[in-house]
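Residue-level structure breakdown
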Amino acid sequence: MTDLDDDTKQGAALGLMPDVPRQGGYGPLTTRPWSWGDYHHPAAGWGAALSVGQVLLRSQAPVTGALAMLKMNHPIKGFDCPGCAWPDDQQGLQLDICENGMKHVTWEMTHKRVGSGFFSQHTVTELSEWTDFDLENAGRLTEPMAYDPETDRYAPISWDDAFALIGEELRGLDSPDEATFYTSGRLSNEASFLYQLMMREYGTNNMPDCSNMCHEASGRALKASIGTGKGTTTLEDWEQTDLLFLIGVNAASNAPRMLTALSNAVKNGAQVVHVNPLVEAASRRTIVPHDFVDMALFKTHATGTLDLQVRPGGDMALMRAVAKVVFEAAETDPGVLDSGFIESYTQGFAEYRALVEATSWQELVVQSGLTEEQLRHAGELYLKADKAIISWCLGVSQQEHAVDMVREFTNVLLLRGNIGRPGAGPAPVRGHSNVQGNRTCGIDHHAPAWLLDRLDAVLGITSPRTPGLDTVASIRAMHEGAVKVFVALGGNFVSAVPDPVHTAQAMTRCRLTVQVSTKLNRSHLVHGKKALILPCLGRTEADEQASGLQGQTVEDAMSMVHLSVGKKKPASEHLLSEPDIIARMARATMPDSPLPWESYVADYDAIRDVMAEVLPGFEGFNDLIRQPNGFRIPQPARELDFRTPSGRAEFSGAPLYDVRPPSEDMLVLQTMRSHDQWNTTIYSNNDRYRGVKNLRELIFMNAEDMKDRGIAQGDLVDIVSTSKDGSLRELRQYRALAYNTPRGSAAGYMPEMNVLIGPADYSAQSDQPLMKSIHVRVSPARSARPS
Ligand SMILES: Nc1nc2c(c(=O)[nH]1)N[C@H]1C(S)=C(S)[C@@H](COP(=O)(O)OP(=O)(O)OC[C@H]3O[C@@H](n4cnc5c(=O)[nH]c(N)nc54)[C@H](O)[C@@H]3O)O[C@H]1N2
Ligand SMILES: Nc1nc2c(c(=O)[nH]1)N[C@H]1C(S)=C(S)[C@@H](COP(=O)(O)OP(=O)(O)OC[C@H]3O[C@@H](n4cnc5c(=O)[nH]c(N)nc54)[C@H](O)[C@@H]3O)O[C@H]1N2
Ligand SMILES: [Mo]
């Protein structure tokens, strides 16, 4: 294991946290006793209220925090929740808010500040030893800073000098492809459009984004199957459906407002089937998050009717079994297939039927991890439903064969015409609040030709046609020295991506790294030879430009676009808005650009006027967003207009893959979020719905798997992963907890467990890192935890 030890030592020198076991992982340092117990309470409700109260107190923002809630997610009046992408309820709900949205907003609204005084007190080497929680908890960034290697500190720099430095470095590259520009999914539509415009005018398609780790696979699959990379359902469809398969999502933590939709669906008589190796809180009961009367009365609602605990990656076999049940029934009753729909709108049906019929029940049972009875039951539910929705998130999209899996979901929907009509369709649950809008507005390293043609025609630029680098490829290129400048609009790249040591090496080899951020994080400490931190306005804050108060738009997971207007006084007078930062980077890099960068910033209507000319569905953009509740981007597939090469929805015929652990002593480990975190932002070391307190360095295992390995509840274990390229990675002294997860599977928290994922571990279908299927060996810890 010496190579593993070398690796971690090297990481600390590059700005990663020293490799010391910490009960709290990247969360708050703690030595308080950890505990684990079953959680029996309904999701949301007063537990949620209490938890929000704690975050409000810690952010020192109780009163403003509470006021912000009242302005959030309202038509036009306030700002859009910067949390998840779940749509707002349009039908008269006055207060569609949730616990985790509240935490998210108050985290941004903290009274604590990180200015030049803070940076003069701490060297970067010293800050590296802080946990990720402590870094963010220090407060909001207030002024632009540049790294000074002489003092190993960040020192103030004027905005003008900062932009001049960026311009000089970008102009000095041999090729624009020696720079790469990351986007995190909170960036607004307007800022996304300006950002991609700047990159394309400059001459590169190198646009890694968080979608490359999130729903890249879903987009690719839907595009191939139905011609648009998005889901087709609306919230009304969720109310009307007879059957909802909810696959690989922890809704109670990661899209809590979905609980309302789930409880409404169950109330309306729908079957709501939760497909997940774990039985997550949303599959039990909830107190509807916004319903304070229910909260006061402890009135609960059912949010699920059935749990199917598949093995990791077993979802494709489950769905193929559902199709098999349909084909078997069709032998006696051909009416169970929507033949009219299949004939008029699809292609590849006969081949798909033959493939499914040739697949044995035995194989489906082995690969799904479910019994034949369970599989047949799922199929019967599908046969009984006139209208069905299949919805999924990372449990599917971060798998090796995710593209084929999502295409299989579409196959099943097509069999019974479950698309393009009310109550039916595919519904990916998106992550960041505007991750879907980023793509719509051009953040795409492999953009379609029509988009580049439109940009060129409308703006008079010459967009590069060579596809650019995504997240995985950008890390590789920086590591090899082919990319020398890294710019990030939001996010925390170093912590979010696999293999922190490899990524740290990649970042430190850059000539310049630029982070546009609201809070301090790991990606500021692991930096290039020159490095800038550029602080920006958050979504809650008033954005005043020459023409007055500005709003920016976001697109939710159901393609609704609405205006978000912050009202709060900015955290510092030195903050710039993201569109302003982008426009000034553009001007500094391309002083002779004919594009009116300054006018775009003076009035964001000017950006929207251009977007209206370039982007389909955005015609009349400035009027559309001033309607109450905004507008929906038309979804051709919803209208049975399938924009595939054949003009039809395409059945796919992928083989059923072997998703079992590669050997008997290995487990398939998934990395997921606790209830108290937002991606790399960790609010506390608790995971309420899974019953965990004061512990993040843990691994949930099946009790039998623990027994086989001589591991007792709460024992310290070492976890060694084997990468696709055969290399080994290790986490030491994690606590093993027996949990209801299928044999052969295990679970733990991101981002700590990114240490176990190697640069080679990404899907050949989607290029997404394999964050849900890491092959690990777990054994009792070789040494005791230092006390
Ligand atoms: N509060 C909060 N909200 C968030 C986020 C956050 O961090 N905090 N993050 C946002 C982002 S960017 C995203 S992308 C989403 C993520 O939302 P989720 O997809 O809910 O994210 P994870 O926490 O990774 O949970 C993955 C779920 O998939 C299950 N799973 C794992 N493997 C499999 C499998 O093989 N099959 C099936 N069927 N299930 C599986 C896990 O048990 C878990 O329930 O949430 C968004 N919303
Ligand atoms: N192992 C493992 N790794 C994963 C995942 C997993 O399931 N398992 N999930 C992946 C997924 S789905 C995603 S989306 C990525 C997330 O990757 P990212 O989007 O890169 O990470 P976040 O943690 O959301 O970014 C947090 C930072 O965003 C900055 N920020 C917050 N608000 C704003 C703002 O308004 N403007 C700007 N400019 N900055 C802001 C703050 O400085 C904060 O520190 O992680 C991925 N990593
Ligand atoms: Mo995500």
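Residues numbered from 1 in each chain as written. Chains lettered and ligands numbered in written order. Predicted model: local features only at pLDDT ≥ 70, side-chain atom pairs only at ≥ 80, totals over all residues. Heavy atoms only, no water.

This part takes up the overall build of the protein chain. Across its full length, the protein chain carries 32 helices and 33 strands. Over its C-alpha trace the protein chain gives a radius of gyration of 25 Å, about what one expects of a compact globule, namely 28 Å for 787 residues. When the backbone C-alpha atoms are referred to their principal axes, the protein chain occupies close to 75 × 65 × 55 Å. Across the protein chain, every contact between residues at least 6 apart in sequence was considered, and the portion connecting residues at least 24 apart equals 79%. Of the roughly 26700 Å² that the protein chain leaves accessible, carbon and sulfur atoms contribute 53%. (Helix = DSSP H or I, 4+ residues; strand = E, 2+ residues; numbered from the N terminus. Rg over C-alpha atoms; globule rule 2.2 N^0.38 Å. Contact = heavy atoms within 4.5 Å. Areas by Shrake-Rupley, 256 points an atom, 1.4 Å probe, with all protein chains shown as cover.)

Strand order in the open sheet formed by five strands is β12-β9-β8-β14-β15, with parallel pairing between adjacent strands. Two strands close off the open sheet at either side, each with one partner strand: β12 (306-308) and β15 (425-428). Within this sheet the neighbouring strands show an average axis-to-axis angle of 20°, counted without direction. In terms of strand pairing, strand β9 (residues 271-275) meets β12 through three bridges, oriented parallel. Counterpart to H274 in the pairing with β12 is D307. Most of the contacts of helix α13 (residues 258-267) go to β9, to which it runs at about 135°, and overall it touches β8 (243-247) and β9. Sheet strands in contact with helix α21 (residues 402-415) are β8, β14 (388-392) and β15, and its direction is about 175° off that of β14. (Pairing = 2+ DSSP bridges. Axes fitted to C-alpha atoms, helices over the stretch in contact; angles between N-to-C directions.)

So, about the nonpolar core. Membership of the largest hydrophobic core comes to 66 residues, with the highest contact counts inside it found for F193, Y195, L459, L532 and L534. At eight residues, helix α9 (residues 189-202) tops the list of elements feeding residues into this core. Grouped together as the second largest cluster of nonpolar side chains are 59 residues, V326, W361, V412 and A637 included. (Core = buried A, V, L, I, M, F, W, Y, C linked by side-chain atoms within 4.5 Å. Buried < 20%, exposed > 50% of the residue type's maximum accessible area, 1.4 Å probe, protein only.)

What follows covers the site of ligand 1. Inspection of the region around ligand 1 gives 31 residues, with E280, G313, D315, Q677 and N679 positioned closest. One of the side-chain nitrogen or oxygen atoms of Q670 is found 3.0 Å away from an oxygen atom of ligand 1. Note that an oxygen atom of ligand 1 is positioned 2.9 Å from one of the side-chain N or O atoms of K772. Within the complex, the protein chains bury 99% of what would otherwise be the 920 Å² of accessible surface of ligand 1. Looking at the shell around ligand 1, the elements that each hand over two or more residues are α12 (251-254), α20 (394-397), β25 (667-672) and β26 (677-678). Among the residues forming the shell around ligand 1, the class breakdown is 13 nonpolar, 14 polar and four charged. Three or more residues apiece are contributed to the shell around ligand 1 by two domains, here domain 1 (6-32 + 664-780) and domain 4 (216-428). (Near = heavy atom within 4 Å. Polar contact = N/O pair within 3.5 Å; in protein donor to acceptor, adjacent residues only side chain to side chain. Nonpolar A, V, L, I, M, F, W, Y, C, P; charged D, E, K, R; others polar. Domains from an automatic or database assignment.)

This part is about the confidence of the model for the protein chain. Scored by pLDDT, the protein chain comes out at a mean of 92, with 90% of its residues at no less than 70. Note on residues 91-95: pLDDT is under 50 here. Beyond four places in sequence and across chains, it has eight contacts. (pLDDT = per-residue confidence, 0-100.)

Moving on: the packing of helix α10 (residues 216-226) against α21. Helix-helix packing is characterised by the crossing angle of the two axes and by the distance between the axes. Closest axis-to-axis distance for the α10/α21 pair is 8 Å, and the angle between their directions is 45°. As summarised for this structure, α10 and α21 are arranged oblique, according to the angle between their axes. Read as a crossing pair, α10 and α21 show a hand that is right-handed. Listed contacts from α21 to A217, S218, R220, A221, L222, A224, S225 and I226 of α10 are A402, V403, V406, R407 and T410. Residue classes in the contact of α10 with α21 are distributed as eight nonpolar, three polar and two charged. (Parallel < 35°, antiparallel > 145°, perpendicular 65-115°, else oblique. Left-handed = near helix turned anticlockwise from the far one by under 90°.)

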